[in-house]
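# Coordinate analysis (summary)
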Amino acid sequence: MSDSPIPLNRPPGRAGRLGRARTAPAPDAAHRTSRRRRTLRARLTFWSMTGPALIGLVAFFLYPLCANVFYSFTNYDLASPPKWIGLRNYEYLFTQDPRVGKAALNTLWFVVILVPVRMACSLGIALLLTRRKRASGFWRTLFYIPALVPPVASVVGFVFLFNPGAGPVNALLRTFGVKGPLWFNDPALSKPSLLLLGVWMMGDIMVIFLAALLDVPKDQYEAAELDGAGPGNKFRYVTLPNISPVVLFSAVTGVIAALQYFTEAAVASSVANGKTGIDAGADQLLGYPNDSLLTFTQWMYVQGFSSFQLGYAAAMAVVLFVVAAAVMAVLLRRAGLFRQKGA
């Protein structure tokens, strides 16, 4: 037997490499396990935060919307199961309903006239308040207080003030030898009378415009003055670009409110007609005088909760939702919010 030396730096064989490979993955497995735990924890945090909002969205928006669309194709009166009738509700809505056209035109009047006038008056008052330094808090409070009055109380008060027989407004006009109009009892003046009420209650929009105007950088006005810009050019090229998001917000919320215009017109009709409620005989009471204050939502209320034609009322609600979505899409697209950068 020969005593040959054994090399100490011999490279490991295959068995050595396999044995070392079996023990190496331990740190990687622990890292993967820790990463899975962090991912699971992040997902649980996300769903725990967004879960209540998603549940509310499904329960109070998506499900009622889908149910409303389904009922719009049925004959449903709450007393019997819904009966499928296809498009007959929509056919009656667009071709046979005698009052829906008048209600739609009245609603369109409030959208086209009431919303821009309220926005213009609110912006004008806000501009005046930004320039008045003395007693500015008093004037802001004075213009904002009407917005805190409940709508029903405001309408009742306005109908009393503009009462053609015993109202203070006509009594004041008679002292100057002027015969006062019928106001809420005149079909030609009933909507303009509500327009006056809407302008009087513009405090909520005025405060939003006021905050936006106070946030416009002063250095931009100074630069415009150095360039020789007058008040009109400064408003056009400095003020409007800075407050354009607030203008868009006011327009969107105003149009949505006008499309759902109900309380003020309904209370004005009932009070001017000498009634105290809108439950009994609502189909004859709402819209007084001569359907001049009948809005789309009022007629939908009559069909659904006075005539118990829930299927037809659901069809009206679907049409109102589609119109509102189309108007919002037009407003947002006109504002450039749907355009890609560089388009």
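Residues numbered from 1 in each chain as written. Predicted model: local features only at pLDDT ≥ 70, side-chain atom pairs only at ≥ 80, totals over all residues. Heavy atoms only, no water.

## Examining the packing of helix α10 (residues 218–226) against helix α11 (residues 231–259)
- Packing of α10 against α11 brings their axes to within 10 Å, and their N-to-C directions diverge by 160 degrees. Regarding the angle of α10 to α11, the classification is roughly antiparallel. For the crossing formed where α10 meets α11, the hand is right-handed. Of α11, the residues touching α10 (which contributes Gln-220, Tyr-221, Ala-224 and Glu-225) are Lys-234, Val-238, Thr-239 and Asn-242.
- In the contact of α10 with α11, the residues fall into three nonpolar, three polar and two charged. (Axes fitted to C-alpha atoms, helices over the stretch in contact; angles between N-to-C directions. Helix = DSSP H or I, 4+ residues; strand = E, 2+ residues; numbered from the N terminus. Parallel < 35°, antiparallel > 145°, perpendicular 65-115°, else oblique. Left-handed = near helix turned anticlockwise from the far one by under 90°. Contact = heavy atoms within 4.5 Å. Nonpolar A, V, L, I, M, F, W, Y, C, P; charged D, E, K, R; others polar.)

## Let's talk about the pattern of salt bridges
- All chains considered together, the criterion is met by three salt bridges.
- The shortest N-O distance in the salt bridge between Arg-118 and Asp-204 comes to 3.4 Å. One end of the pair, Arg-118, is in helix α4 (residues 100–131); the other, Asp-204, is in helix α9 (residues 203–214), and 86 residues separate them in sequence.
- Between Lys-234 and Glu-225 there is a salt bridge, with the nearest N and O atoms lying 3.1 Å from each other. (Salt bridge = Lys/Arg side-chain N within 4 Å of Asp/Glu carboxyl O.)

## Examining the nonpolar core
- By size, the foremost hydrophobic cluster in this structure holds 65 residues, and its most contacted members are Phe-110, Phe-184, Leu-194, Phe-209, Ala-268, Trp-299 and Met-316.
- Discounting chain neighbours no more than four positions away, the residues touching Phe-110 are Val-115, Lys-191, Leu-194, Ala-258, Tyr-261, Leu-293 and Thr-295. (Core = buried A, V, L, I, M, F, W, Y, C linked by side-chain atoms within 4.5 Å. Buried < 20%, exposed > 50% of the residue type's maximum accessible area, 1.4 Å probe, protein only.)

## Side note on a positive patch on the surface
- Together, Arg-32, Arg-35, Arg-36, Arg-37, Arg-38 and Arg-41 make up a positively charged patch on the protein surface.
- Residue position: Arg-37 is located in helix α2 (residues 26–71). (Patch = residues over 30% accessible without salt bridge, like charges linked within 9 Å, V, L, I, M, F, W, Y side chains within 5 Å. Areas by Shrake-Rupley, 256 points an atom, 1.4 Å probe, with all protein chains shown as cover. Lys, Arg positive; Asp, Glu negative; His and termini not counted. Charge placed at Lys NZ, Arg CZ, Asp CG, Glu CD.)

## Some points on α9
- Helix length check: α9, at twelve residues, gives a terminal C-alpha distance of 16 Å against a target of 16 Å (1.5 Å per residue), a fit within 8%.
- Taken together, the buried positions of α9 are Gly-203, Ile-205, Met-206, Phe-209, Leu-210, Ala-212 and Leu-213.
- Against α4, α5 (136–148) and α11 lie the buried residues of α9. (Expected span 1.5 Å × (residues − 1).)

## Thoughts on the packing of α4 against α11
- One can describe the packing of α4 onto α11 by two numbers: an axis separation of 10 Å at closest approach and a directional angle of 140 degrees. As summarised for this structure, α4 and α11 are arranged oblique, according to the angle between their axes. Crossing geometry of α4 relative to α11 is assigned as right-handed. Where α4 approaches α11, its residues Thr-107, Phe-110, Val-111, Val-115, Met-119, Leu-123 and Leu-127 are matched on the opposing element by Phe-235, Ile-243, Val-247, Ser-250, Ala-251, Gly-254, Val-255, Ala-258 and Leu-259.
- Across the contact of α4 with α11, the residue classes tally to 13 nonpolar, three polar and no charged.

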